[in-house]
Amino acid sequence: MPKYRLVYFNARGRAETPRILFALAGEEYEDVRLFPDLPWPSQEGKDKWLETKSELGLPFGQVPVLDVDGKRLCQSNVIAKYLARQFGYAGKGDWEEARAEMISACVYDAFEKGRPCFMEQDPIKKAELLEKFLKDSKEMMDNFRQILEENDGGSGFFVGDGITWADINFAVRIDQIFDRIGENADTFLKDWPKLLALKQRVEKYPKIAEWIEKRPKTTW
Ligand SMILES: N[C@@H](CCC(=O)N[C@@H](CS)C(=O)NCC(=O)O)C(=O)O
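Residues numbered from 1 in each chain as written. Predicted model: local features only at pLDDT ≥ 70, side-chain atom pairs only at ≥ 80, totals over all residues. Heavy atoms only, no water.

### Some points on the site of the ligand
Right, so step 1: Taken together, Tyr 8, Phe 9, Arg 14, Trp 49, Lys 53, Gln 62, Val 63, Pro 64, Gln 75, Ser 76 and Tyr 108 make up the full set of residues adjacent to the ligand.
Right, so step 2: Lys 53 places a polar side-chain atom, nitrogen or oxygen, 3.1 Å from an oxygen atom of the ligand.
Right, so step 3: Between an oxygen atom of the ligand and a side-chain N or O atom of Gln 62, the distance comes to 2.9 Å.
Right, so step 4: Residues that form the shell around the ligand fall into these classes: six nonpolar, three polar and two charged. (Near = heavy atom within 4 Å. Polar contact = N/O pair within 3.5 Å; in protein donor to acceptor, adjacent residues only side chain to side chain. Nonpolar A, V, L, I, M, F, W, Y, C, P; charged D, E, K, R; others polar.)

In C-alpha cells:
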C-alpha cells in the first residue's frame, strides 16, 4: 500500500472529501493539519501561514496537497479523483467517471459562488451577499436535482448504482454551506428533498458516520 500524507489547515474545507474517501476505504494516511492550535480563519493563522508557506514545498503555493510515497499532488478535486480511483469510488467506466467529475466541478463552482458572502466580515454587506447567494442557489440546486433524478429517479446516487466521490463532494460542501448560512440552513434544501436525502445517505455510511463523529471539530 502506498504511504499517503494529506496536508491542509485545521479545517474541513477542501480537504474533507479526500479525508472521507480515506475513511470510507479504511485506508491509513497521515492527516497533517497546519497550525492546529491557531483558529482558522484568523489573523494569527494567516500570519503564521505567510511566515512558513515557502518552507512547505507546495507546487502552487496552496493547500491541500497529497503526498503519495513522497510524490506530491495539488488541487483538491484532482486529489479526490485520484483517491476515488485508487479506492473504487470514481464510477464505473469512462462515462460514469466523466459524470462524477462533472458533478464535482459543479459542486466546486456552487461553493465558490458563496465564498464572497462566507468571507465577508461587514454585517450589512454580508447580509446583501447572503441574499444573493440564496437566490442564485435555487437555480444551482434545481440543476443538481435534475442530474440526480436522471439517474434512476434520484433515490440513489448521482452516478451509477453506488456512492462516488461526486456524492461525497456534494454532501461535504452542502454541510459547509449549512455552517455558513446560519438559520437559513434549516430551509436551504426544503424544496429539494431528494438532495437532502442524498446528503443524509452519504453521511449515514457507517465508516463515514464514524469519521464525522470522531474528526476534529472545526468551524470551517
Ligand atoms: N483550486 C485549488 C484552490 C486551493 C486554495 O485556494 N487553497 C487555499 C486554502 S482553502 C489556500 O491554500 N490558501 C492560502 C493561499 O492561497 O495562500 C484547490 O481546489 O485545491
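Past the structure itself, the notes keep going.
### Considering the environment of Trp 220
Right, so step 1: Within the secondary structure, Trp 220 sits in the segment after helix H9 (206–214).
Right, so step 2: Measuring from C-alpha to C-alpha, the distance between Trp 220 and Arg 12 comes to 5.7 Å, with 208 residues separating the pair along the chain.
Right, so step 3: Non-local contacts of Trp 220, meaning those with residues more than four positions away in its chain, are made with Ala 11, Arg 12, Gly 13, Trp 40, Pro 41, Phe 118, Met 119 and Arg 180. (Helix = DSSP H or I, 4+ residues; strand = E, 2+ residues; numbered from the N terminus. Contact = heavy atoms within 4.5 Å.)

### Brief notes about helix H2 (residues 43–52)
Right, so step 1: The set of residues buried in H2 consists of Gly 45, Trp 49 and Thr 52. Down the axis of H2, the smallest arc covering the buried residues is 80°, so these residues share one side. Seen from the open side of H2, the exposed residues pointing more than 90 degrees away from its buried face are Gln 43, Leu 50 and Glu 51.
Right, so step 2: Buried residues belonging to H2 abut strand E1 (4–9) and strand E2 (30–34). (Buried < 20%, exposed > 50% of the residue type's maximum accessible area, 1.4 Å probe, protein only. Arc of directions from axis to C-beta.)

### Describing the domain arrangement of the chain
Right, so step 1: For the chain, the assigned domains read domain 1 (4–88 + 209–214) and domain 2 (93–204).
Right, so step 2: For domain 1 and domain 2, the distance between their C-alpha centres works out to 21 Å.
Right, so step 3: If you look at the interface, domain 1 gives 16 residues, while domain 2 gives 18 residues.
Right, so step 4: Inspection of the domain 1/domain 2 interface yields six salt bridges.
Right, so step 5: With a closest N to O distance of 3.6 Å, Glu 97 and Arg 85 form a salt bridge.
Right, so step 6: Our count for the domain 1 to domain 2 interface comes out at eight residue pairs in polar contact (both at pLDDT 80 or more).
Right, so step 7: Put simply, the parts of the chain that give the side of domain 1 that touches domain 2 at least two residues each are helix H1 (16–25), helix H3 (76–87) and H9.
Right, so step 8: Counting residues per element, the side of domain 1 that touches domain 2 draws most heavily on H3, at six residues. (Domains from an automatic or database assignment. Salt bridge = Lys/Arg side-chain N within 4 Å of Asp/Glu carboxyl O.)

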